[in-house]
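Chain and residue survey
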Amino acid sequence: VFGVIAAIWLYDLIFYPVHCLLHKVPWLYKAFHSTHHANTPCVSEDIIRHSLVDGTLQVLANILALNTLRLHPLTRMAYNFVITYLLTESHAGYDMPWMLHNIVPGKILGGPNRHEMHHRTGRKNFHQFFTYLDDYFGFGIEFHRD
């Protein structure tokens, strides 16, 4: 379990500056990342709606995180299941009481509400899963569905 959590944290940390750049540099956003933001509100299929470059950057961040931690093959397999679930949950457009961001205390995880705000504005909530860097840099913003 620790290996899966560590890998998710490291992936999120590695991808955070890349994701910020994809939004902060207009030509990068238009050329490589805007495809991912085609739907508002988010839908779960957005987790696979990427340009080749955007998708490659995500995969490279995952590989770097997993290879850095040198996890056991079964831990890597569990990581793949968990990260797919988290990506699907954050793009699902639902906020259910049993979702991880509602279960894990301390608002450590952003969940679909914060990610929805990211898709709507493109200027806030750059973290894939966690909230600490967005909150520290002033990019974190809550979103509550009506």
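Residues numbered from 1 in each chain as written. Predicted model: local features only at pLDDT ≥ 70, side-chain atom pairs only at ≥ 80, totals over all residues. Heavy atoms only, no water.

Attention now goes to the overall build of the protein. Helices and strands together make up the secondary structure of the protein, namely 7 helices and 0 strands. What you see in the protein, going N to C, is helices and strands ordered as α-α-α-α-α-α-α. A principal-axis box enclosing the C-alpha atoms of the protein has dimensions of 40 × 35 × 30 Å. A burial count over the protein gives 42% of its 146 residues as buried. Carbon and sulfur atoms form 68% of the exposed surface of the protein, whose accessible area is close to 8,200 Å². Side-chain charges of the protein comprise 11 positive and 11 negative groups, with the mean position of each set lying 6 Å from the other. (Helix = DSSP H or I, 4+ residues; strand = E, 2+ residues; numbered from the N terminus. Buried < 20%, exposed > 50% of the residue type's maximum accessible area, 1.4 Å probe, protein only. Areas by Shrake-Rupley, 256 points an atom, 1.4 Å probe, with all protein chains shown as cover. Lys, Arg positive; Asp, Glu negative; His and termini not counted. Charge placed at Lys NZ, Arg CZ, Asp CG, Glu CD.)

Once that is clear, we can look at the nonpolar core. Counting residues in each nonpolar core, the largest one holds 20 residues, and the members touching the most others are Ile8, Tyr11, Tyr79, Ile83 and Phe129. Contributions of two or more residues to this core are made by helix 1 (2-24), helix 3 (52-69) and helix 4 (73-91). With 7 residues, helix 1 is the single largest residue contributor to this core. Ignoring sequence-local partners within four residues, the contact set of Ile83 consists of Ile8, Tyr11, Asn62 and Phe129. (Core = buried A, V, L, I, M, F, W, Y, C linked by side-chain atoms within 4.5 Å. Contact = heavy atoms within 4.5 Å.)

We now examine the environment of Glu45. In this structure, Glu45 sits in the loop between helix 2 (26-33) and helix 3. Residues Glu45 and Tyr132, 87 residues apart in the sequence, show an inter-C-alpha distance of 26 Å.

Right, let's talk about helix 4 for a bit. Helix length check: helix 4, at 19 residues, gives a terminal C-alpha distance of 27 Å against a target of 27 Å (1.5 Å per residue), a fit within 8%. Among the residues making up helix 4, those that are buried are Tyr79, Ile83, Leu86, Leu87, Glu89, Ser90 and His91. Buried residues along helix 4 sit in contact with helix 1, helix 3, helix 5 (100-103) and helix 6 (111-121). A positive backbone phi angle near 85° is found at Gly93, which sits one or two residues after helix 4. (Expected span 1.5 Å × (residues − 1).)

A few words on a nonpolar patch on the surface. Among the surface-exposed residues, Tyr85, Trp98, Leu100 and Ile103 lie close enough to one another that they form a single nonpolar patch of about 420 Å² accessible area. Secondary-structure assignment places Leu100 in helix 5. Judged by its relative accessible area of 30%, Leu100 is partly exposed. (Patch = residues over 30% accessible without salt bridge, like charges linked within 9 Å, V, L, I, M, F, W, Y side chains within 5 Å. Salt bridge = Lys/Arg side-chain N within 4 Å of Asp/Glu carboxyl O.)

Turning our attention to the packing of aromatic side chains. Evaluation of the coordinates by the stated rule reveals 7 aromatic pairs. Ring centres of Phe126 and Phe139 lie 5.2 Å apart, and the angle between their planes is 85°; on these two criteria the pair is classed as edge-to-face. Remark: Phe139 occurs in the segment after helix 7 (132-137) and Phe126 occurs in the loop between helix 6 and helix 7; sequence separation between them is 13 residues. The class of Phe126 is buried, set by a relative accessible area of 1%. One aromatic cluster in this structure is built from Tyr11, Phe15 and Phe129. (Phe/Tyr/Trp six-rings, centres within 6.5 Å; stacked < 30°, edge-to-face > 60°.)

What follows concerns the packing of helix 3 against helix 4. Closest axis-to-axis distance for the helix 3/helix 4 pair is 12 Å, and the angle between their directions is 145°. As for how helix 3 packs across helix 4, the hand of that crossing is right-handed. Contacts between helix 3 and helix 4 pair Asn62, Leu66 and Asn67 from the former with Arg76, Tyr79 and Ile83 from the latter. Looking at the contact of helix 3 with helix 4, its residues break down into 3 nonpolar, 2 polar and 1 charged. (Axes fitted to C-alpha atoms, helices over the stretch in contact; angles between N-to-C directions. Left-handed = near helix turned anticlockwise from the far one by under 90°. Nonpolar A, V, L, I, M, F, W, Y, C, P; charged D, E, K, R; others polar.)

Read these as geometric descriptors, not functional statements.
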